[in-house]
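So the chains spell out like this:
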Amino acid sequence: MQRMTRVTTIWTVATTLVIGAAACNKAGKAGAGSGSGSTTTSPTPTPPVADPVSGSGSAATAGRAKAAVVEGAACAAGMSEVTDAKITFEGATLKFERSRGGGCATRPVYTVLYTKANPMPVRVCYDPGADSCEMMIQSEQVAIDLTDALKAAGATSAVLAK
């Protein structure tokens, strides 16, 4: 009897996880277009998104998180600056590792703001409302290509904004 209870408990937990993952996956796909290069839709406008690998396109991920690169100086209302991760630059790629809740982003989770200068100052903002799933993403490797922003700013390198 004890073995049957244990099997039933494991089955219940596994079923709950599968249903939760399916719901999260469905929420992440809600409003998404089909095929690569599609954009996601959300009730609020989202900034342009740069592909972290090629620097082009409109749909992108940074690790699992969607990312955007736009001109600006301050994080928008509801967003906060990423200060809990060591941000580095490798050529035109901004990189950091960070743990967060989420798993089914519907709009950019991270937004890199830049201003036109050489070197180009950048600020990384986090939108906690962009990913409402409750999974814990441990040590997410985020890499965001800044090639297009560097070209737009007429810069050869990027630095963290002060």
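Everything discussed here concerns the structure shown above.
The structure reproduced in this document is the subject of the present report. (Residues numbered from 1 in each chain as written. Predicted model: local features only at pLDDT ≥ 70, side-chain atom pairs only at ≥ 80, totals over all residues. Heavy atoms only, no water.)

**Some remarks on the pattern of salt bridges**
Scanning the model with the defined rule gives six salt bridges in all. Taken together, the salt bridges that share partners define one network made up of Arg100, Asp131 and Glu140. (Salt bridge = Lys/Arg side-chain N within 4 Å of Asp/Glu carboxyl O.)

**What to know about the pairing of strand β4 (residues 93–102)**
The sheet contact formed by strand β3 (residues 88–90) and β4 spans three bridges and is antiparallel. Within β4, the position partnered with threonine 88 by the bridge is lysine 95. Between β3 and β4, which pair antiparallel one after the other, the connecting turn spans two residues, and glycine 91 there sits at a positive phi close to 65°. Bridge count for β4 against strand β7 (residues 135–145) is nine bridges, and the pairing is antiparallel. Within β7, the residue paired with glycine 102 across the bridge is methionine 135. (Pairing = 2+ DSSP bridges. Helix = DSSP H or I, 4+ residues; strand = E, 2+ residues; numbered from the N terminus.)

**A look at the environment of valine 124**
With respect to the element layout, valine 124 can be found in strand β6 (residues 120–126). Of the residues examined, valine 124 reaches a relative accessible area of 2% and is grouped as buried. For the pair formed by valine 124 and tyrosine 110, sequence separation is 14 residues and the distance between their alpha carbons is 6.7 Å. When near neighbours in sequence (up to four residues on either side) are disregarded, valine 124 contacts Ser80, Glu81, Val82, Ile87, Leu94, Phe96, Tyr110, Thr111 and Val112. (Buried < 20%, exposed > 50% of the residue type's maximum accessible area, 1.4 Å probe, protein only. Contact = heavy atoms within 4.5 Å.)

**So, unusual backbone geometry**
Across the junction of asparagine 118 and proline 119, the peptide omega takes the value 5°, indicating a cis bond. Structurally, the position occupied by proline 119 is in the loop between β5 (110–114) and β6. If you check the backbone angles, serine 139 has positive phi at about 50° while not being a glycine. For serine 139, the location among the structural elements is in strand β7. Look at serine 139 and you get partly exposed, because its relative accessible area is 36%.

**Details of the state of the cysteines**
Scanning the entire structure with this criterion turns up two disulfides. Covalently, cysteine 75 is tied to cysteine 125 through a disulfide, its sulfur atoms 2.0 Å apart. Residues cysteine 75 and cysteine 125 are joined through a disulfide that is left-handed, its torsion about the S-S bond being -85°. Taken together, the residues cysteine 75 in the loop between β1 (67–71) and β2 (80–81) and cysteine 125 in strand β6 connect sequence positions 50 residues apart. Of the residues examined, cysteine 75 reaches a relative accessible area of 23% and is grouped as partly exposed. The disulfide partner of cysteine 104 is cysteine 133, and the gap between their sulfur atoms is 1.7 Å. Judged by the torsion about the S-S bond (95°), the cysteine 104/cysteine 133 disulfide is right-handed. Taken together, the positions of cysteine 104 in the loop between β4 and β5 and cysteine 133 in the loop between β6 and β7 put the pair 29 residues apart, joining distant regions of the chain. With a relative accessible area of 4%, cysteine 104 lands in the buried category. (Disulfide = S-S within 2.5 Å.)

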